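The primary structure of each chain is shown beneath.
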Amino acid sequence: MKKYYLNYLDELESEAIFILREVWAQFQNPVLLFSGGKDSILVAHLAQKAFYPSKIPFSFLHVDTGHNFPETISFRNHLVDQLDVELIVGSVQKSIDQGRVSEERGKNATRNALQITTLLDTIEDYKIDCAIGGGRRDEEKSRAKERFFSHRDDFGQWDPKNQRPELWNILNGKHFEGEHFRAFPISNWTEMDVWNYLKRENIVIPSLYKAHQRDVVWRNESWIPVSKHLVLTKNELIQTKKIRFRTLGDITITGGIESDADTLEKIIAEVAALKQTERGNRSDDKRSDSAMEDRKRQGYF
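Everything numeric here is computed off the predicted structure, so don't read it as measured data. (Residues numbered from 1 in each chain as written. Predicted model: local features only at pLDDT ≥ 70, side-chain atom pairs only at ≥ 80, totals over all residues. Heavy atoms only, no water.)

A. Looking closely at the pairing of strand β2 (residues 59-64). Taken across its six residues, β2 has five buried, putting it largely inside the fold. Relative to β2, strand β1 (residues 30-33) runs parallel, the two being bridged by three bridges. In the strand pairing of β2, V31 is matched with S59. Across five bridges, the pairing between β2 and strand β3 (residues 87-91) is parallel. By the bridge assignment, L61 is partnered in β3 with I88. (Buried < 20%, exposed > 50% of the residue type's maximum accessible area, 1.4 Å probe, protein only. Helix = DSSP H or I, 4+ residues; strand = E, 2+ residues; numbered from the N terminus. Pairing = 2+ DSSP bridges.)

Here you go:
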């Protein structure tokens with residue numbers, strides 16, 4: 001009799017697929033939070049496997065800040081068409097125009113925190129009871145406090161001290177009207193796991209993750225890409241560098257690293273040697289030691 005052995009990627013895949021199926025079983029109107037980054041692309045791929053041969057049964061939700069990388073939006077639109085799923089777009093610009101949030105000013109202004117209001121408004125408008133995200137516990141210390149099913153109260157807020165126990169494979173998605181959950185099927189994956197799986201499955205990713213020539217400025221100990229949204233100071237010098245991005249957020253706050261890694265094999269080798277986490281080049285996380293947790297408590301991804 002032929003024997004089959006699971007490696008660690010198979011085990012992670014199986015766990016994630018189980019969680020995705022639990023979401024579909026327990027909630028009435030779940031969505032997949034899709035940013036166009038590698039983690040949300042991975043979750044979309046896992047969702048394909050979870051519900052094959054049917055198509056993915058839930059919509060994708062993208063909170064559009066208006067300060068995205070053009071490559072990210074192009075990739076998002078292509079993938080949504082390819083998967084034949086509905087795309088819901090929450091617009092931060094619309095939230096600003098309606099007076100729901102106020103635009104930040106100054107050199108380090110960002111729309112990152114403004115996404116919270118747009119996300120919560122969209123969840124309420126579409127009566128979403130679970131938003132599936134690509135958050136992983138190794139990304140950042142506040143991420144490490146998340147459960148697979150992460151409860152949000154009727155204000156969309158997260159209390160890390162009041163989470164439900166998850167014993168073995170028992171997940172509790174019961175909630176009152178107005179409350180919702182976030183689900184994180186790849187919580188136990190590391191950045192290296194993600195890259196190894198993307199390579200194994202031959203998953204297409206945005207070109208931003210691979211080394212390429214780009215005009216940048218040195219700010220907050222990272223190479224920030226030059227764009228129409230970036231406010232330059234008189235002392236900042238635009239340079240052309242060969243860089244790549246380890247994580248994708250707003251173009252104004254996402255720093256790149258100098259790199260020659262232009263293939264998945266080279267990226268994996270580079271990640272294995274790096275000591276800084278992938279969010280170490282995100283300006284929004286450098287505002288304070290608790291920047292991410294503060295945003296998450298208010299309803300952030």
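B. Just the packing of aromatic side chains, in detail. Throughout the structure, instances matching the rule amount to eleven aromatic pairs. Ring pairs connect the aromatic residues W24, F51 and F58, which therefore count as one cluster. Taking NZ or CZ as reference, R137 lies 5.0 Å from the ring centre of F148, over its face. (Phe/Tyr/Trp six-rings, centres within 6.5 Å; stacked < 30°, edge-to-face > 60°. Lys NZ or Arg CZ within 6 Å of the ring centre and 35° of its normal.)

C. Main features of the layout of surface pockets. When its volume is computed, the largest pocket comes out at roughly 440 Å³. Lining the largest pocket are 18 residues; nearest its centre among them are I123, E124, I128, G178 and E179. Looking at the lining of the largest pocket element by element, the count peaks at four residues for helix α5 (residues 115-125). Residue composition of the lining of the largest pocket, grouped by class: four nonpolar, five polar and nine charged. (1 Å grid on protein atoms, 1.4 Å probe; cavity = no way out; pocket = protein on both sides within 12 Å on 5 of 7 lines; lining within 4 Å. Points joined across faces, edges and corners; volume = space filled by probe spheres on them. Nonpolar A, V, L, I, M, F, W, Y, C, P; charged D, E, K, R; others polar.)

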